[in-house]
Amino acid sequence: MTALRRVVVVGGGIAGLTAADSLRASGFDGELTIVGAERRAAYSRPALSKALLRAEADLTAHELPPHEHGAVELLGVAATGLDPATRMVSLDDGGALPYDGLVIASGSRARRLGAADGEHVLRTLDDAIALRARIADRPSVIVVGGGPLGMEVASGALDAGCAVTLVTAGAPMARHLGAHLAARLERTALARGLTILRTPAARILPGAGASAVALADGTLVEGDLLVSGVGDIPNTGWLAGSGLDAAMRPDGAIAVDARARVRPEIVAAGDVAAVPTLGGHARSPIWHSAIDQARIAAVSLLRGDESPTLGGAPYFWTEQFGLTIRVVGRTPVDGEPELVDGDPEGAALLRWPHADGTATAAAVDYRIPIPRLRRLTDVAA
Ligand SMILES: Cc1cc2nc3c(=O)[nH]c(=O)nc-3n(C[C@H](O)[C@H](O)[C@H](O)COP(=O)(O)OP(=O)(O)OC[C@H]3O[C@@H](n4cnc5c(N)ncnc54)[C@H](O)[C@@H]3O)c2cc1C
């Protein structure tokens, strides 16, 4: 078993929570401390842009089951520095925590279009509560960003009775899911009343109004409320000067090996981490990837090279405009899928075989347990 006695987890999101639970489940019975910049214990971020925005919102949808890891949780406290030589994490309350094992799970923050006060983003529960209160007054809403976050916010605002304009660089969701699923979502969104404007680049113009964006051709689009969903930035500022520079990626993420390690005693997981893929290191900033990576990271700290490696097919889901799409396997997917079951325009189970013998499987409004969806990613299944 392990010689680790003190493990510090930086980040109180799902990756940090899962790492703590997994350490305990793997037999770690030493001191465990979670340092979390938010004043709340881990909650479901995916619920923020779905159940929490709906008019008939379930205001507990973000809550996670009570944890059992027994860690000391320092909430509302941020790590400000790391010294790997002395194995010490410094904190913004002036304290410092020694460790034998460190889990970097500090996640990411919303990228912003500009510095305007009127720009709303959605990353934290507080953001969701503020946005929910704003859309309850049925303002006209401009959403910038055609990814899952932008589309889910647009969907929630439409459901709440707002007139919504989505400003997007390409076809909504195409970069994430591929043309077939994106087209299904776009048709559904248009039928529900979403206005979609395409522009290579939307900008906030100084002095143009708190809730206005300029399109690339100079057209000004104005609304009562501006929400952006234009990506996220890994929270690695606290690692500056730590000597881990070799692992830092140009996008700010921290690169890990196939066992989620930065060094033998430092692991990273979740939105902050870039993991090895066939195309080089890349982030997989989705819920189940954070969970999978954190489980491997915890076992790596304890068992080193005897731990399993990363690499399961990613699982992603989105709920928007009345459709639920769940996908296992790599995305975006090109071309038309095989129809495994259902109705191509209704509830459908789809599969895209790949040349390497794997496949991407998608359930569109189709009830199928995740393990069975996962089995469809093996073409021989
Ligand atoms: C609105 C929204 C909807 C989403 N919907 C989906 C979805 O439908 N499907 C899906 O697969 N994924 C979805 N995601 C993505 C998914 O939620 C994330 O991939 C996941 O939450 C990442 O977890 P994490 O623990 O790595 O990071 P985070 O959830 O970002 O948690 C990191 C925590 O660390 C804290 N922290 C940061 N810096 C420090 C520091 N220096 N010291 C201490 N603490 C620090 C942060 O405050 C934060 O609480 C969604 C994300 C958002 C924002």
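Note on numbering: residues in each chain are counted from 1, in written sequence order. Local features in this predicted model are restricted to residues whose pLDDT is 70 or higher, and side-chain atom pairs enter the listing and the counts only when it is 80 or higher, whereas totals over whole chains, interfaces and linings include all residues. As a convention, hydrogens and water are excluded, and side-chain values are obtained from all of the structure's heavy atoms.

S.K.: Explain the overall build of the chain here, please?
M.R.: Scanning the chain from terminus to terminus reveals seven helices and 26 strands. Against the compact-globule benchmark of 21 Å for 381 residues, the chain has a radius of gyration of 21 Å, which places it among compact chains. The principal-axis extent of the C-alpha atoms belonging to the chain is close to 60 × 55 × 35 Å. Whether two residues touch is decided by their heavy atoms; if any such pair falls within 4.5 Å, the residues are in contact. A separation of at least 24 residues holds for 61% of the contacts in the chain among residues at least 6 apart in sequence. Summed over all atoms, the accessible surface of the chain reaches about 16,800 Å², with 51% contributed by carbon and sulfur. Across the chain, the 36 positively charged side chains and the 43 negatively charged ones have centroids separated by 2 Å. Under the DSSP-based scheme used, a helix requires at least four consecutive residues in state H or I and a strand at least two consecutive residues in state E, with every element numbered from the N terminus. Computation of the radius of gyration draws on C-alpha atoms, with the globule rule given as 2.2 Å multiplied by the number of residues to the power 0.38. Calculation of accessible area relied on Shrake-Rupley with a 1.4 Å probe; when residues are assessed, cover is drawn exclusively from the protein chains displayed. Note on charges: Lys and Arg go in the positive column, Asp and Glu in the negative column, and His and the chain ends are not counted at all. Think of each charge as sitting on NZ of Lys, CZ of Arg, CG of Asp or CD of Glu.

S.K.: How should I be thinking about the sheet that holds strand E9 (residues 119-120) in this particular structure?
M.R.: Taken together, the five strands give an open sheet; going across it, the order is E9-E15-E10-E11-E12, and neighbouring strands pair in parallel fashion. Either end of the sheet is taken by a strand with one partner, and the two such strands are E9 and strand E12 (195-198). With four bridges joining them, strand E10 (residues 141-144) and strand E11 (residues 164-168) adopt parallel strand pairing. Bridged to Val144 within E11 is Val167. The convention used is that axes are lines fitted to C-alpha atoms, helices contributing only their stretch in contact, and that angles between N-to-C directions extend from 0 to 180 degrees. In this fold helix H3 (residues 148-159) packs onto E10, E11 and strand E15 (225-228), with an angle of close to 170 degrees to the strand it touches most, E11. Between any two strands, at least two bridges found by DSSP are needed for them to pair.

S.K.: Got a minute to help me understand helix H2 (residues 125-135) in this structure?
M.R.: For an α-helix, the turn length of 3.6 residues means that residues three or four places apart are oriented alike. Taken together, the buried positions of H2 are Leu125, Ala128, Leu131 and Ile135. An end-on view of H2 places all buried positions within 120 degrees of arc, on one side of the element. Here the buried face of H2 lies against E10, H3 and E15. Any residue under 20% of the maximum accessible area for its type is buried, any over 50% is exposed, and the rest in between are partly exposed; the area is computed with a 1.4 Å probe on protein chains only. Taken from the helix axis, the directions to the C-beta atoms give the arc we talk about.

S.K.: I keep staring at the site of the ligand and nothing clicks. Help me out?
M.R.: Residues are counted as near a molecule or strand when any one of their heavy atoms sits within 4 Å of it. Near the ligand there are 35 residues, and of these Glu38, Arg45, Lys50, Arg123 and Asp271 occur at the shortest range. Ala15 is positioned with one of its backbone polar atoms (N or O) 2.9 Å from an oxygen atom of the ligand. Any pair of nitrogen or oxygen atoms within 3.5 Å is treated as a polar contact; in protein, a donor-acceptor pairing is required on top of that, and neighbouring residues in sequence qualify only through side-chain atoms on both sides. Here an oxygen atom of the ligand sits 3.0 Å away from a polar atom, N or O, in the main chain of Trp317. About the coverage of the ligand: the protein hides 92% of its 1,000 Å² of free accessible area. Breaking the shell around the ligand down by element, the ones donating at least two residues are helix H1 (14-25), strand E2 (31-36), H3, helix H6 (287-303) and strand E22 (315-320). Note on residue categories: nonpolar means Ala, Val, Leu, Ile, Met, Phe, Trp, Tyr, Cys or Pro, charged means Asp, Glu, Lys or Arg, and polar means any other residue, Gly included. Residues belonging to the shell around the ligand are distributed by class as follows: 19 nonpolar, ten polar and six charged.

S.K.: Sorry, what's going on with the pattern of salt bridges here?
M.R.: Charged atoms that come close allow side chains of opposite charge to pair. Here a salt bridge means any side-chain nitrogen of Lys or Arg lying within 4 Å of a carboxyl oxygen belonging to Asp or Glu. In total, this model carries 16 salt bridges according to the counting rule given. Residues Lys50 and Glu152 are paired through a salt bridge, measuring 2.9 Å at the closest nitrogen-oxygen approach. Within this pair, whereas Lys50 is found in the loop between E2 and strand E3 (72-75), its partner Glu152 is found in helix H3, the two being separated by 102 residues in sequence. Taking relative accessible area as the criterion, Lys50 reaches 9% and is therefore assigned buried.

S.K.: Looking at this structure, how should I read the sheet that holds strand E7 (residues 101-104)?
M.R.: Pairing between the strands of a sheet is mediated by backbone hydrogen bonds and can be parallel or antiparallel. Ordered by their spatial adjacency, six strands build an open sheet running E3-E2-E1-E7-E19-E18, and the pairing between neighbours is mixed. Both edges of this open sheet fall to E3 and strand E18 (261-263), since each of them pairs with a single strand only. Recorded for the sheet is a direction-independent mean angle of 20 degrees between the axes of neighbouring strands. The sheet contacts of H1 involve strand E1 (6-10), E2 and E7, and relative to E2 the element is tilted by about 175 degrees.

S.K.: I would appreciate a short explanation of the environment of Ala105 in the present structure.
M.R.: Here Ala105 lies in the loop between E7 and strand E8 (108-110). Excluding residues within four positions of it along the chain, Ala105 makes contact with Val10, Gly11, Ala15, Gly16, Ala269 and Val272.

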